[in-house]
Each structure stands twice: as structure tokens, then as C-alpha cells.
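In case you want the letters, here they are:
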Amino acid sequence: MSGKSAGRVVVSAVILSKPGIILSVVFTGLAGMVLAQRGLPPFETALAGCLTLMVSAAGSAIFNNFLDRKSDKMMDRLSARVRALESVGERNAAIVSCLMMAGATVAAAVWINILNAALIALAALSYTVFYTIFLKRASPFGTVLGGIPGALPVLIGYTAVRPDIGVDAVLLFAFMMLWQPPHFWALAQKYSNEYEKAGIAVLPVAFGEKYTNILIALYSISLIPLTLAFWLEGITSEYFAAVALALGVYFNIAVARCAIKGGGYEAAFGASIIYMLMIMASLIIDIVIKEREVNELMKLV
């Protein structure tokens, strides 16, 4: 294989790994670590947790592309992934992705803890088998339970710091579970014709645009009190509550605008990403600042 061909394969592998999603997964995992530590985790812990999470997520994404290869060919927006899979080779993609998922699980079991490894394995299997093969095609509401693998990274990050799952971790997991349906349904609204062509009965295809917009709004509104629960439980400060409230209003306005216009759903989809990342960033910053303030008070005492 020439250097040029090898470079093309590497670029294709990166495309198949869905780097944007990987960054999001690692970031939410880091939020879970900060939540468990109530501050910045030790560097070695954060590095091990992020690396195993990143490798597992990349392997899951590549295997997802392998499983969805037939339907992806019917969707114009996924043409780059189709070409990337052809460049890498279907068999190669399947083998490498399985090795990545298995390797990340074993590494987590050896270097972190068994619970962390079990959650990594659960995330990989629930995404590739439970969601991609079954839920995605079995029901228009498949994305509701299909949010499990997308929400598990916060628990994976949390358990990288401590080998148990507290109420605070459950709250963050619930946030990710409730965030994912409106996030995906906004995308499904935009590309409903392509999903229908591919034979995937997503919510807009099965029940129409108006019904989908109602559910998007209900889920989006429910995120506001859930984020405020972190403040009510004493996990974060009132500053986080104010930011979370403002971000929640921003996201819901974006959702409402698209519903009123009956289009432009890419704006709601983009707003959902900004909203989730900003909530995670605000949570991290607030907890770290709160920890430092407590440490300073302890020194004075």
C-alpha cells in the first residue's frame, strides 16, 4: 500500500469513528469524573478514563457504520461515511472495531475497576446491538431507550473515580437520557425524507411533524427542572442554577422557533448540542470553583 493510499485509509477510519461524537462522549465522561471527585480528578485517573472511553466509543461508532452500511447508502447526508467504509473495507472495519471495544473493556478492568469495565461493555453492546440492530428499526420511539448508550459515558466517567453510582450520577445520567430524544428528533425532522427512503420509521416518518414537535417541546421543557435539581441537591451553587435556567430558556426558544416556522430544524439540532455542552461545562466549572472555595475555608479554619 502506497503512502497516499495509507493516508486515505487513516482519514476514512477517522470519519467512521465519528470524531465529533467521540469528543462529546469524552467530555461528558469528564463531567462524570468531576462530579464523582467533587473537583478535578487526579491526572492519571482522568487519562485512563478518557482513553478507554475514547477507544470504546470509536470502536462502537465504526461497528455501527458497518451494521448500518445498507441503509446508509440510501441517505445522501451519509455519503462520506459510505465512501469511508469502502476505503477501509467492511471486514477490516468490523474486525478493528471489535478489537477496540474489547481492548477498551479489558484495559478498564485492569487499570480502573470492574464496574467501569462492565459499563463500557454495556455502552458498546447497547449501541451496536440493542439500538442499531433492534430498537432503531423496531419502533419510532426506539431513540428513547436508545439514549442509554449515549447517557452511559457520564456513569463511565463517574465510576472511573469511584466504583459505585451515587444519586448525583443518576441525575446526570437522567439529564443525558432526556436530552437525547429532542436532540435526535430535531435531526430526524430535517432528514425525515432520507430516513423514510432508508426504511427507518423515525418519529416524524411514523407520526408526522406536529406530533414530533410536541414531544420535542415536552422533553426540552423537562430538562430545565432536572438541571436545577443539581442546585437543589446542594451539588452546585446558585450560579450554576442561573446559567442552567438561561441555557434551558435558550434551547426551548430555539425549539419553539422551528416548530412555529415548520422548518429550519438544523437550528434546533445545533442549539441542542450547544445546550448540552454548556450545561456540562458549567457543571464542571461550578464544582471545581466550589471545591477550591471549600479548601480555602478549610485552610482558614
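Residues numbered from 1 in each chain as written. Predicted model: local features only at pLDDT ≥ 70, side-chain atom pairs only at ≥ 80, totals over all residues. Heavy atoms only, no water.

J.: Help me out: how do you make sense of the nonpolar core in this one?
T.: As a rule of thumb, nonpolar side chains are buried together in soluble globular proteins. Judged by nonpolar contacts, the single largest core of 70 residues is most densely connected at Leu-172, Phe-175, Met-176, Tyr-195, Tyr-275 and Met-280. Looking at this core element by element, the count peaks at 11 residues for helix α10 (residues 167-190). Non-local contacts of Met-176, meaning those with residues more than four positions away in its chain, are made with Thr-28, Gly-150, Ala-151, Val-154, Met-276 and Met-280. Ranked by size, the runner-up nonpolar core spans six residues in total, among them Ala-84, Leu-85, Val-88 and Ala-93. (Core = buried A, V, L, I, M, F, W, Y, C linked by side-chain atoms within 4.5 Å. Buried < 20%, exposed > 50% of the residue type's maximum accessible area, 1.4 Å probe, protein only. Helix = DSSP H or I, 4+ residues; strand = E, 2+ residues; numbered from the N terminus. Contact = heavy atoms within 4.5 Å.)

J.: Explain the packing of aromatic side chains to me, please; I cannot follow it from the model alone.
T.: Think of a pair of aromatic rings as described by two things: how far the centres are apart, and how the planes are tilted against each other in angle. Inspection of every chain in the model, using the stated rule, returns 10 aromatic pairs. When the centroid spacing of 6.4 Å and the interplanar angle of 10 degrees are considered together, the rings of Tyr-127 and Tyr-131 count as stacked. Placement of both Tyr-127 and Tyr-131 in helix α7 (residues 114-138) is noted, with a separation of four residues, approximately one turn of the helix. For the ring pair Phe-141 and Phe-207, a centre distance of 5.6 Å and an interplane angle of 45 degrees mean the geometry is tilted. (Phe/Tyr/Trp six-rings, centres within 6.5 Å; stacked < 30°, edge-to-face > 60°.)

J.: So what exactly am I meant to see when it comes to the side chain of Thr-28 here?
T.: Note on placement: Thr-28 falls in helix α2 (residues 19-37). Look past the residues within four positions of Thr-28 in its chain and what remains in contact with it is Pro-153, Val-154, Met-176, Met-276 and Met-280.

J.: What exactly am I supposed to notice about the pattern of salt bridges here?
T.: Side-chain pairs of opposite charge can arise where the charged atoms are in close proximity. Across all of its chains, the model carries six salt bridges by this definition. Here Lys-136 ties to Asp-68 by a salt bridge, and the two come within 2.7 Å at their closest N and O atoms. Note that Lys-136 is positioned in helix α7 and Asp-68 in the loop between α3 (43-67) and α4 (69-72), a separation of 68 residues in sequence. Of the two residues, Lys-136 and Asp-68, both sit in the buried class. (Salt bridge = Lys/Arg side-chain N within 4 Å of Asp/Glu carboxyl O.)

J.: Explanation requested: helix α9 (residues 148-161) in the structure shown.
T.: An α-helical turn contains 3.6 residues, so any two residues separated by three or four positions project in the same direction. Spanning 14 residues, α9 covers 21 Å between terminal C-alpha atoms, matching the ideal 20 Å at 1.5 Å per step. Most of α9 sits inside the fold, with 11 of its 14 residues counted as buried. Where α9 is concerned, the buried positions are Pro-149, Ala-151, Leu-152, Pro-153, Val-154, Leu-155, Ile-156, Gly-157, Tyr-158, Thr-159 and Ala-160. (Expected span 1.5 Å × (residues − 1).)

J.: In this structure, what is going on with the packing of α3 against α9? I would like to understand it.
T.: Between two packed helices, both the angle of their axes relative to each other and the distance between the axes serve to describe the pair. Contact geometry for α3 and α9: axes closest at 9 Å, N-to-C directions at 145 degrees. Taken as a pair, α3 and α9 cross one another with a handedness that is right-handed. Here α3 contributes Thr-45, Gly-49 and Leu-53 to the contact with α9, which in turn contributes Pro-153, Ile-156, Ala-160 and Val-161. Residues of the contact of α3 with α9, tallied by class, amount to five nonpolar, two polar and no charged. (Axes fitted to C-alpha atoms, helices over the stretch in contact; angles between N-to-C directions. Left-handed = near helix turned anticlockwise from the far one by under 90°. Nonpolar A, V, L, I, M, F, W, Y, C, P; charged D, E, K, R; others polar.)

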